Amino acid sequence: MIKKTINFLGKSILKNKVLTLILVLAVLLRFIGIYPGYHPYHSDEGMSYSSAMEMIRNLNVDPGRYDYPSLVPIIHAISYVFLFIPVFLVKSFIFSPDDLPTKGRNIIEIWQQVVIQNQQTDVLFWGRYITAAFGVGVVLLTFLVAKNFFGSKRIGLVAAFLVAVNFRQVLNSHLGLPDIYNVFFLLLSFLALGLLLKNPNRRNYLFAGVALALYISVKYQVFIFPAFLLVHSSIVWGKTKDRNPIQLIKNFFNLDFILSLVVVPIIGLLINPYHFIHWDEFQAINSYNVYKYGVGIKMLNFYPISYIYHIGIGQLISLTVLLGIIAGLRKYTFKSFLFLTYVLIFFFLLVYYTRGGYYTRNFVTVTPLLLVFSAIFLVSFWGRLAKVLKI
(Lines give C-alpha, C1' and ligand atoms only; values in the text may rest on other atoms or scores of the structure.)
Protein backbone atom coordinates (compact mmCIF):
# COMPACT_ATOMS: atom_id res chain seq x y z
CA MET A 1 0.00 0.00 0.00
CA ILE A 2 2.72 2.49 1.03
CA LYS A 3 4.92 1.46 -1.92
CA LYS A 4 2.02 1.92 -4.37
CA THR A 5 1.22 5.33 -2.88
CA ILE A 6 4.85 6.48 -3.20
CA ASN A 7 5.04 5.23 -6.80
CA PHE A 8 1.76 6.97 -7.63
CA LEU A 9 2.92 10.27 -6.13
CA GLY A 10 6.27 10.02 -7.88
CA LYS A 11 4.69 9.42 -11.28
CA SER A 12 2.13 12.19 -10.71
CA ILE A 13 4.84 14.72 -9.89
CA LEU A 14 7.11 13.74 -12.79
CA LYS A 15 4.24 13.82 -15.31
CA ASN A 16 3.08 17.26 -14.17
CA LYS A 17 5.78 19.79 -15.03
CA VAL A 18 3.93 22.72 -13.47
CA LEU A 19 3.53 20.85 -10.18
CA THR A 20 7.21 19.94 -10.31
CA LEU A 21 8.17 23.61 -10.69
CA ILE A 22 5.88 24.57 -7.80
CA LEU A 23 7.44 21.93 -5.57
CA VAL A 24 10.96 23.04 -6.55
CA LEU A 25 9.97 26.60 -5.62
CA ALA A 26 8.57 25.32 -2.31
CA VAL A 27 11.81 23.45 -1.58
CA LEU A 28 13.94 26.53 -2.28
CA LEU A 29 11.80 28.84 -0.14
CA ARG A 30 11.67 26.39 2.76
CA PHE A 31 15.23 25.08 2.87
CA ILE A 32 17.22 28.16 1.93
CA GLY A 33 17.56 30.35 4.99
CA ILE A 34 17.28 27.63 7.64
CA TYR A 35 20.97 27.98 8.44
CA PRO A 36 21.93 30.20 10.18
CA GLY A 37 18.24 31.10 10.21
CA TYR A 38 16.30 32.44 13.15
CA HIS A 39 17.31 32.81 16.77
CA PRO A 40 17.79 29.28 18.20
CA TYR A 41 15.77 29.71 21.40
CA HIS A 42 12.07 29.76 20.54
CA SER A 43 10.21 28.72 23.69
CA ASP A 44 8.00 26.15 21.92
CA GLU A 45 10.62 24.77 19.54
CA GLY A 46 11.93 22.42 22.20
CA MET A 47 8.69 20.43 21.95
CA SER A 48 10.16 18.86 18.81
CA TYR A 49 13.94 18.44 18.99
CA SER A 50 14.46 18.45 22.79
CA SER A 51 11.61 15.99 23.34
CA ALA A 52 12.96 13.81 20.54
CA MET A 53 16.40 13.68 22.16
CA GLU A 54 14.72 12.85 25.46
CA MET A 55 13.10 9.86 23.77
CA ILE A 56 16.41 8.73 22.25
CA ARG A 57 18.24 9.17 25.53
CA ASN A 58 15.68 7.12 27.49
CA LEU A 59 14.80 4.68 24.66
CA ASN A 60 11.07 5.32 25.01
CA VAL A 61 8.39 7.69 23.67
CA ASP A 62 8.19 9.90 26.75
CA PRO A 63 8.51 13.52 25.49
CA GLY A 64 9.22 14.84 28.99
CA ARG A 65 6.57 17.57 28.50
CA TYR A 66 2.84 17.15 28.04
CA ASP A 67 1.56 20.47 26.70
CA TYR A 68 1.65 18.91 23.23
CA PRO A 69 1.01 15.33 22.04
CA SER A 70 3.98 13.14 21.11
CA LEU A 71 3.66 12.68 17.34
CA VAL A 72 6.03 15.48 16.32
CA PRO A 73 8.90 14.46 18.63
CA ILE A 74 8.40 10.82 17.59
CA ILE A 75 8.79 11.86 13.94
CA HIS A 76 11.93 13.77 14.87
CA ALA A 77 13.37 10.92 16.94
CA ILE A 78 12.87 8.42 14.11
CA SER A 79 14.44 10.85 11.62
CA TYR A 80 17.42 11.46 13.91
CA VAL A 81 18.05 7.75 14.49
CA PHE A 82 17.76 6.59 10.89
CA LEU A 83 18.98 9.63 8.98
CA PHE A 84 20.62 12.54 10.78
CA ILE A 85 22.66 10.71 13.42
CA PRO A 86 24.23 8.22 10.94
CA VAL A 87 25.09 11.09 8.57
CA PHE A 88 26.45 13.11 11.51
CA LEU A 89 28.63 10.22 12.70
CA VAL A 90 29.98 9.40 9.24
CA LYS A 91 30.75 13.08 8.73
CA SER A 92 32.48 13.19 12.13
CA PHE A 93 34.56 10.09 11.38
CA ILE A 94 35.69 11.53 8.05
CA PHE A 95 36.22 15.20 8.90
CA SER A 96 36.65 15.36 12.70
CA PRO A 97 38.04 12.04 13.97
CA ASP A 98 39.68 13.72 16.98
CA ASP A 99 36.29 14.86 18.28
CA LEU A 100 34.87 11.34 18.49
CA PRO A 101 34.76 9.55 21.85
CA THR A 102 37.71 7.18 22.13
CA LYS A 103 36.02 4.84 24.60
CA GLY A 104 32.56 4.60 23.06
CA ARG A 105 31.79 0.88 22.83
CA ASN A 106 28.24 1.15 21.48
CA ILE A 107 26.06 3.52 19.57
CA ILE A 108 24.19 4.72 22.70
CA GLU A 109 27.45 6.03 24.21
CA ILE A 110 28.28 7.81 20.96
CA TRP A 111 24.84 9.43 20.92
CA GLN A 112 25.24 10.63 24.47
CA GLN A 113 28.77 11.93 24.06
CA VAL A 114 28.68 13.33 20.53
CA VAL A 115 25.09 14.12 19.60
CA ILE A 116 23.08 14.95 22.72
CA GLN A 117 25.67 17.46 23.92
CA ASN A 118 25.16 19.37 20.66
CA GLN A 119 21.37 19.58 20.74
CA GLN A 120 21.37 23.39 20.77
CA THR A 121 23.33 23.40 17.50
CA ASP A 122 23.20 20.37 15.20
CA VAL A 123 19.97 18.85 16.51
CA LEU A 124 18.14 22.17 16.45
CA PHE A 125 18.80 22.50 12.73
CA TRP A 126 18.00 18.84 12.07
CA GLY A 127 14.55 19.59 13.45
CA ARG A 128 14.17 22.63 11.24
CA TYR A 129 15.09 20.64 8.13
CA ILE A 130 12.44 18.05 8.99
CA THR A 131 9.86 20.81 9.40
CA ALA A 132 10.88 22.26 6.02
CA ALA A 133 10.36 18.84 4.41
CA PHE A 134 6.86 18.63 5.90
CA GLY A 135 6.27 22.17 4.61
CA VAL A 136 6.95 20.93 1.09
CA GLY A 137 4.60 18.04 1.85
CA VAL A 138 1.90 20.59 2.72
CA VAL A 139 2.21 22.07 -0.77
CA LEU A 140 1.88 18.64 -2.39
CA LEU A 141 -1.08 17.68 -0.19
CA THR A 142 -2.79 20.98 -0.99
CA PHE A 143 -2.63 20.06 -4.68
CA LEU A 144 -3.91 16.53 -4.07
CA VAL A 145 -6.75 17.62 -1.77
CA ALA A 146 -7.93 20.44 -4.04
CA LYS A 147 -7.70 18.28 -7.17
CA ASN A 148 -9.41 15.34 -5.48
CA PHE A 149 -12.21 17.34 -3.86
CA PHE A 150 -13.06 19.68 -6.71
CA GLY A 151 -12.07 17.54 -9.69
CA SER A 152 -9.84 20.19 -11.21
CA LYS A 153 -6.09 19.98 -11.68
CA ARG A 154 -6.01 23.73 -12.29
CA ILE A 155 -7.56 24.46 -8.90
CA GLY A 156 -5.01 22.10 -7.34
CA LEU A 157 -2.08 23.78 -9.08
CA VAL A 158 -3.18 27.33 -8.24
CA ALA A 159 -3.84 26.38 -4.61
CA ALA A 160 -0.45 24.64 -4.37
CA PHE A 161 1.31 27.70 -5.79
CA LEU A 162 -0.44 30.04 -3.35
CA VAL A 163 0.59 27.82 -0.44
CA ALA A 164 4.15 27.49 -1.77
CA VAL A 165 4.69 31.27 -1.68
CA ASN A 166 2.53 32.12 1.34
CA PHE A 167 4.53 34.13 3.88
CA ARG A 168 3.41 32.28 7.02
CA GLN A 169 3.71 28.86 5.42
CA VAL A 170 7.32 29.62 4.49
CA LEU A 171 8.13 31.28 7.82
CA ASN A 172 6.81 28.41 9.93
CA SER A 173 8.62 25.87 7.75
CA HIS A 174 11.87 27.37 9.08
CA LEU A 175 11.16 26.53 12.74
CA GLY A 176 10.65 23.26 14.60
CA LEU A 177 7.16 24.21 15.80
CA PRO A 178 4.04 22.01 15.56
CA ASP A 179 2.05 24.21 13.16
CA ILE A 180 3.36 22.85 9.84
CA TYR A 181 2.83 19.27 11.07
CA ASN A 182 -0.68 20.25 12.14
CA VAL A 183 -1.62 21.48 8.67
CA PHE A 184 0.12 18.49 7.03
CA PHE A 185 -1.99 15.97 8.94
CA LEU A 186 -5.11 18.12 8.56
CA LEU A 187 -4.69 17.98 4.78
CA LEU A 188 -3.95 14.25 5.01
CA SER A 189 -7.28 13.89 6.86
CA PHE A 190 -9.12 15.82 4.15
CA LEU A 191 -7.42 13.69 1.51
CA ALA A 192 -8.71 10.62 3.34
CA LEU A 193 -12.22 12.11 3.45
CA GLY A 194 -12.09 12.78 -0.29
CA LEU A 195 -11.10 9.17 -0.97
CA LEU A 196 -13.86 8.01 1.37
CA LEU A 197 -16.47 10.02 -0.54
CA LYS A 198 -15.36 8.45 -3.82
CA ASN A 199 -15.03 4.91 -2.54
CA PRO A 200 -16.53 4.20 0.92
CA ASN A 201 -14.84 0.86 1.56
CA ARG A 202 -13.30 -0.43 4.77
CA ARG A 203 -9.75 0.46 3.78
CA ASN A 204 -10.67 4.09 3.24
CA TYR A 205 -12.60 4.21 6.51
CA LEU A 206 -9.54 2.89 8.32
CA PHE A 207 -7.30 5.36 6.48
CA ALA A 208 -9.61 8.17 7.61
CA GLY A 209 -9.43 6.93 11.21
CA VAL A 210 -5.63 6.77 11.11
CA ALA A 211 -5.36 10.24 9.56
CA LEU A 212 -7.70 11.73 12.17
CA ALA A 213 -5.72 10.11 14.99
CA LEU A 214 -2.43 11.48 13.64
CA TYR A 215 -3.94 14.95 13.28
CA ILE A 216 -5.18 14.94 16.87
CA SER A 217 -1.75 13.73 18.02
CA VAL A 218 -0.12 16.98 16.93
CA LYS A 219 -2.12 19.60 18.82
CA TYR A 220 -5.09 18.04 20.64
CA GLN A 221 -7.43 19.54 18.01
CA VAL A 222 -10.61 17.68 17.02
CA PHE A 223 -12.11 20.25 14.62
CA ILE A 224 -12.00 17.78 11.71
CA PHE A 225 -14.58 15.39 13.21
CA PRO A 226 -17.72 17.29 12.06
CA ALA A 227 -16.48 17.03 8.46
CA PHE A 228 -15.87 13.30 8.94
CA LEU A 229 -19.38 12.83 10.34
CA LEU A 230 -20.86 14.78 7.43
CA VAL A 231 -18.99 12.61 4.92
CA HIS A 232 -20.17 9.43 6.65
CA SER A 233 -23.75 10.74 6.87
CA SER A 234 -23.69 11.53 3.15
CA ILE A 235 -22.50 8.00 2.38
CA VAL A 236 -25.18 6.44 4.59
CA TRP A 237 -27.91 8.64 3.08
CA GLY A 238 -26.89 7.62 -0.43
CA LYS A 239 -26.87 3.92 0.43
CA THR A 240 -30.23 3.90 2.27
CA LYS A 241 -32.79 3.92 -0.51
CA ASP A 242 -36.02 3.76 1.50
CA ARG A 243 -34.94 6.52 3.98
CA ASN A 244 -36.42 4.51 6.84
CA PRO A 245 -35.20 6.15 10.13
CA ILE A 246 -34.42 2.82 11.79
CA GLN A 247 -32.52 1.63 8.74
CA LEU A 248 -30.66 4.95 8.55
CA ILE A 249 -29.54 4.61 12.17
CA LYS A 250 -28.55 0.99 11.61
CA ASN A 251 -26.55 1.89 8.52
CA PHE A 252 -24.98 4.87 10.26
CA PHE A 253 -23.42 2.68 12.95
CA ASN A 254 -22.02 0.15 10.51
CA LEU A 255 -18.88 -1.87 11.18
CA ASP A 256 -16.61 0.20 8.94
CA PHE A 257 -17.58 3.42 10.72
CA ILE A 258 -17.15 1.85 14.16
CA LEU A 259 -13.72 0.48 13.20
CA SER A 260 -12.62 3.92 12.02
CA LEU A 261 -13.65 5.38 15.37
CA VAL A 262 -11.93 2.61 17.34
CA VAL A 263 -8.68 3.24 15.46
CA VAL A 264 -8.51 6.83 16.73
CA PRO A 265 -8.10 6.17 20.49
CA ILE A 266 -5.91 3.11 19.87
CA ILE A 267 -3.41 5.11 17.82
CA GLY A 268 -3.73 8.04 20.22
CA LEU A 269 -2.81 5.76 23.13
CA LEU A 270 0.10 4.17 21.25
CA ILE A 271 1.54 7.59 20.43
CA ASN A 272 0.85 9.24 23.79
CA PRO A 273 1.08 6.59 26.54
CA TYR A 274 3.16 8.79 28.84
CA HIS A 275 0.49 11.47 28.87
CA PHE A 276 -1.67 8.97 30.74
CA ILE A 277 1.18 7.66 32.88
CA HIS A 278 1.95 11.26 33.96
CA TRP A 279 -1.69 12.24 34.18
CA ASP A 280 -1.23 14.77 36.96
CA GLU A 281 1.45 16.67 35.00
CA PHE A 282 -0.68 16.47 31.87
CA GLN A 283 -3.68 17.94 33.69
CA ALA A 284 -1.61 20.65 35.35
CA ILE A 285 0.01 22.01 32.20
CA ASN A 286 -3.17 21.86 30.15
CA SER A 287 -5.22 23.48 32.90
CA TYR A 288 -2.73 26.32 32.71
CA ASN A 289 -3.10 26.41 28.92
CA VAL A 290 -6.88 26.65 29.27
CA TYR A 291 -6.34 29.69 31.49
CA LYS A 292 -3.64 31.17 29.20
CA TYR A 293 -5.82 30.81 26.12
CA GLY A 294 -8.81 32.30 27.94
CA VAL A 295 -11.15 29.45 27.07
CA GLY A 296 -14.75 30.66 27.31
CA ILE A 297 -13.90 34.37 27.02
CA LYS A 298 -16.55 34.91 24.27
CA MET A 299 -15.13 38.20 23.02
CA LEU A 300 -14.54 39.00 19.36
CA ASN A 301 -10.87 39.68 18.68
CA PHE A 302 -10.26 41.66 15.49
CA TYR A 303 -6.47 41.48 15.75
CA PRO A 304 -6.01 38.01 14.16
CA ILE A 305 -8.48 38.87 11.40
CA SER A 306 -6.54 42.04 10.66
CA TYR A 307 -3.27 40.10 10.76
CA ILE A 308 -4.53 37.50 8.28
CA TYR A 309 -5.90 40.19 5.98
CA HIS A 310 -2.78 42.35 5.96
CA ILE A 311 0.05 39.81 6.48
CA GLY A 312 -0.95 36.17 6.88
CA ILE A 313 -2.67 35.95 3.50
CA GLY A 314 -2.61 39.47 2.12
CA GLN A 315 -5.32 41.92 1.11
CA LEU A 316 -5.88 40.93 -2.51
CA ILE A 317 -5.72 37.18 -1.85
CA SER A 318 -8.07 37.61 1.15
CA LEU A 319 -10.62 39.17 -1.18
CA THR A 320 -10.31 36.23 -3.58
CA VAL A 321 -10.80 33.85 -0.63
CA LEU A 322 -14.18 35.45 0.16
CA LEU A 323 -15.21 35.39 -3.49
CA GLY A 324 -13.98 31.80 -3.73
CA ILE A 325 -16.17 30.73 -0.81
CA ILE A 326 -19.21 32.10 -2.67
CA ALA A 327 -18.14 30.47 -5.93
CA GLY A 328 -17.33 27.20 -4.17
CA LEU A 329 -20.69 27.01 -2.41
CA ARG A 330 -22.46 27.63 -5.71
CA LYS A 331 -20.51 25.10 -7.78
CA TYR A 332 -19.23 22.57 -5.23
CA THR A 333 -21.79 23.00 -2.47
CA PHE A 334 -21.27 19.95 -0.27
CA LYS A 335 -17.49 19.73 -0.58
CA SER A 336 -17.06 23.46 0.02
CA PHE A 337 -19.30 23.12 3.06
CA LEU A 338 -17.01 20.36 4.37
CA PHE A 339 -14.07 22.77 4.23
CA LEU A 340 -16.14 25.49 5.86
CA THR A 341 -17.17 23.30 8.79
CA TYR A 342 -13.52 23.19 9.78
CA VAL A 343 -12.79 26.84 8.93
CA LEU A 344 -15.80 28.21 10.84
CA ILE A 345 -15.18 26.09 13.94
CA PHE A 346 -11.51 27.08 13.87
CA PHE A 347 -12.26 30.80 13.62
CA PHE A 348 -15.05 30.63 16.21
CA LEU A 349 -12.73 29.07 18.77
CA LEU A 350 -9.65 31.20 18.08
CA VAL A 351 -11.28 34.55 17.32
CA TYR A 352 -14.26 34.53 19.69
CA TYR A 353 -14.38 31.70 22.21
CA THR A 354 -10.70 31.86 23.28
CA ARG A 355 -7.72 34.20 23.07
CA GLY A 356 -5.92 31.70 20.83
CA GLY A 357 -6.00 34.11 17.90
CA TYR A 358 -3.44 36.29 19.66
CA TYR A 359 -0.87 33.63 18.69
CA THR A 360 -1.10 34.23 14.95
CA ARG A 361 0.98 31.18 14.02
CA ASN A 362 -2.08 29.09 14.92
CA PHE A 363 -3.67 30.22 11.65
CA VAL A 364 -0.96 28.45 9.66
CA THR A 365 -3.16 25.37 10.02
CA VAL A 366 -6.22 26.81 8.30
CA THR A 367 -4.45 28.89 5.64
CA PRO A 368 -4.22 26.19 2.91
CA LEU A 369 -7.99 25.57 3.11
CA LEU A 370 -8.60 29.30 2.65
CA LEU A 371 -6.18 29.40 -0.27
CA VAL A 372 -8.05 26.54 -1.95
CA PHE A 373 -11.11 28.82 -2.02
CA SER A 374 -8.93 31.54 -3.53
CA ALA A 375 -7.86 29.07 -6.22
CA ILE A 376 -11.50 28.20 -6.96
CA PHE A 377 -12.27 31.85 -7.64
CA LEU A 378 -9.11 32.52 -9.65
CA VAL A 379 -9.65 29.50 -11.92
CA SER A 380 -13.31 30.38 -12.38
CA PHE A 381 -12.50 34.04 -13.08
CA TRP A 382 -9.80 33.14 -15.58
CA GLY A 383 -12.18 30.73 -17.33
CA ARG A 384 -14.80 33.43 -17.76
CA LEU A 385 -12.22 36.00 -18.82
CA ALA A 386 -10.81 33.61 -21.40
CA LYS A 387 -14.28 33.12 -22.89
CA VAL A 388 -14.89 36.87 -23.10
CA LEU A 389 -11.51 37.54 -24.68
CA LYS A 390 -11.73 34.29 -26.72
CA ILE A 391 -8.26 33.25 -25.57
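For the structure itself, look to the data block above.
Everything numeric here is computed off the predicted structure, so don't read it as measured data.

What follows is about the side chain of T354. Here T354 lies in the loop between α18 (333–353) and α19 (367–389). Note on T354: relative accessible area 10%, which makes it buried. There is a polar contact of 3.0 Å between the side chain of T354 and the backbone nitrogen of G356. Not counting chain neighbours up to four residues away, the residues in contact with T354 comprise Y293, G294, V295, I297 and L349.

With that settled, consider the packing of helix α17 (residues 315–331) against α18. Closest axis-to-axis distance for the α17/α18 pair is 5 Å, and the angle between their directions is 135°. Classified by the angle their axes make, α17 and α18 are oblique. Taken together, the residues of α18 that come into contact with α17 (itself represented by I325, G328, L329, R330 and K331) are T333, S336, F337 and L340. When grouped by side-chain class, the residues that make up the contact of α17 with α18 number four nonpolar, three polar and two charged.

Next up on the list: empty space enclosed by the protein. Throughout the structure, instances matching the rule amount to one cavity of 30 Å³ or more. Approximately 50 Å³ is the volume attributed to the largest cavity. As for the largest cavity, its lining consists of R168, Y307, I308, G312, I313, T360, F363, V364 and T367. The biggest single contributor to the lining of the largest cavity is helix α16 (residues 302–312), with three residues. Residues belonging to the lining of the largest cavity are distributed by class as follows: five nonpolar, three polar and one charged.

This part takes up unusual backbone geometry. With omega at 5°, the peptide bond leading from Y35 into P36 counts as cis. Note on placement: P36 falls in the loop between α2 (17–31) and α3 (49–58). Its identity as a non-glycine residue notwithstanding, Y220 has a phi of 60°, on the positive side. Note that Y220 resides in the loop between α10 (202–219) and α11 (225–239). For Y220, a relative accessible area of 32% puts it in the partly exposed group. Despite not being glycine, K298 shows a phi value in the positive range, around 55°. In this structure, K298 sits in the loop between α15 (279–292) and α16.

It is worth spelling out the nonpolar core at this point. By size, the foremost hydrophobic cluster in this structure holds 107 residues, and its most contacted members are Y80, F185, F190, I224, F339, Y342 and F347. No other element matches the 18 residues that helix α6 (residues 122–150) contributes to this core. I224 has contacts with L186, S189, F190, L193, L212, Y215 and Y342, leaving out every residue within four places of it along the chain.

Moving on, we get to the packing of α10 against helix α13 (residues 255–271). As a packed pair, α10 and α13 sit with axes 8 Å apart at the nearest point and diverge in direction by 30°. Helix-helix and strand crossings are classified by hand; for α10 and α13 the assignment is right-handed. Contact with α10, carried on its side by R202, Y205, L206, G209, V210, L212, A213, L214, I216 and S217, involves L255, D256, F257, L259, S260, V263, V264, I267, G268 and I271 of α13 and no other residues of that element. Tallied by class, the residues present in the contact of α10 with α13 amount to 14 nonpolar, four polar and two charged.

Rules used throughout
- Residues numbered from 1 in each chain as written.
- Predicted model: local features only at pLDDT ≥ 70, side-chain atom pairs only at ≥ 80, totals over all residues.
- Heavy atoms only, no water.
- Helix = DSSP H or I, 4+ residues; strand = E, 2+ residues; numbered from the N terminus.
- Buried < 20%, exposed > 50% of the residue type's maximum accessible area, 1.4 Å probe, protein only.
- Polar contact = N/O pair within 3.5 Å; in protein donor to acceptor, adjacent residues only side chain to side chain.
- Contact = heavy atoms within 4.5 Å.
- Axes fitted to C-alpha atoms, helices over the stretch in contact; angles between N-to-C directions.
- Parallel < 35°, antiparallel > 145°, perpendicular 65-115°, else oblique.
- Nonpolar A, V, L, I, M, F, W, Y, C, P; charged D, E, K, R; others polar.
- 1 Å grid on protein atoms, 1.4 Å probe; cavity = no way out; pocket = protein on both sides within 12 Å on 5 of 7 lines; lining within 4 Å.
- Points joined across faces, edges and corners; volume = space filled by probe spheres on them.
- Core = buried A, V, L, I, M, F, W, Y, C linked by side-chain atoms within 4.5 Å.
- Left-handed = near helix turned anticlockwise from the far one by under 90°.

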